[in-house]
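Residues per chain are reported as follows:
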Amino acid sequence: MVIARNKAINAALCQQFSQRTVTKVYSALLCGHLDENEGVIDAAIAKDPALFPLMSICAIHGKPARSRYQVVERFYRTLEDGVLLPLTRVQLTPETGRTHQLRIHCQQLGHPILGCDLYGGRQQQGTEQTPRLMLHASELRFVHPISGEEMGILNASPF
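Residues numbered from 1 in each chain as written. Predicted model: local features only at pLDDT ≥ 70, side-chain atom pairs only at ≥ 80, totals over all residues. Heavy atoms only, no water.

Where we set the bar: UniProt positions are given in the numbering used here, feature names are shortened, and annotations may be inferred rather than shown by experiment.
The name an unreviewed UniProt entry assigns to the protein is Ribosomal large subunit pseudouridine synthase A, from the organism Providencia heimbachae ATCC 35613. Heading Sequence similarities (unreviewed entry) of the UniProt record for the protein holds this comment: "Belongs to the pseudouridine synthase RluA family."

Structure follows, in structure tokens:
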């Protein structure tokens, strides 16, 4: 959603990301229906050396990772054979930025992101035909590195 045009701007933007002053909001479709309307997933994430490139939840070796979710909609998709596939549309806001964080946190909830080939979103009945990972960067908020203006970039989800 944002590209730096030179090294100095890139450094300034990277600093905002590392200081966690950038707000990122994602839209996602999760398999199944979440019970709660909102919540926080607070689960440390570590590399899984035996299953690279997978990450895993690990309280001992993992780095802290925290994500917030809010349900937007619960609905059913009718499959070709008439079976109803329950889905939940959520807004996800990562407070940290670990590799695969949103994917693994949704798996931890028991509701993987639809279309996720690494963390279970393609293993449930009716999900094989999903054309892509149903995770979309929909909002980015940061301070412009030159003007100091607060920027809010919105990008509507295509699904």
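Read on, since the account is not over.
### A short note on helix 1 (residues 7-18)
Short version of the rule: A run of H or I in DSSP counts as a helix once it spans at least four residues, and a run of E counts as a strand once it spans at least two, with each numbered from the N terminus. The span one expects for a helix is its residue count, reduced by one, times 1.5 Å. The cut-offs for exposure are 20% and 50% of the maximum accessible area for each residue type, with area from a 1.4 Å probe on protein chains only; residues under the lower value are buried, those over the upper are exposed, and the others partly exposed. Regarding the arc, it is the one traced by the directions from the helix axis to the C-beta atoms. Residue contacts are defined here by distance: any two heavy atoms, one from each residue, within 4.5 Å place the two residues in contact.
For helix 1, which comprises twelve residues, the first-to-last C-alpha distance of 16 Å matches the rise-based estimate of 16 Å (1.5 Å per residue) to within 8%. For helix 1, the complete set of buried residues consists of Ile9, Leu13 and Gln16. Down the axis of helix 1, the buried set is contained in an arc of 55 degrees. They therefore lie on one face. Among the exposed residues of helix 1, those oriented more than 90 degrees off its buried face are Lys7, Ala8 and Ser18. Against the buried residues of helix 1 lie strand 7 (135-143).

### Considerations on the pairing of strand 8 (residues 150-154)
Formally: Two strands pair if DSSP finds at least two bridges between them.
Bridge count for strand 7 against strand 8 is five bridges, and the pairing is antiparallel. Counted as the bridge partner of Arg141 is Gly152 from strand 8. Here strand 7 folds back onto strand 8 in antiparallel fashion, the turn holding six residues, of which Gly148 has a positive phi close to 80 degrees.

### Focus: helix 2 (residues 101-109)
Listed as buried for helix 2 are Gln101, Leu102, Arg103, Ile104, His105 and Cys106. After helix 2 finishes, the residue Gly110 shows a positive phi value of roughly 90 degrees.

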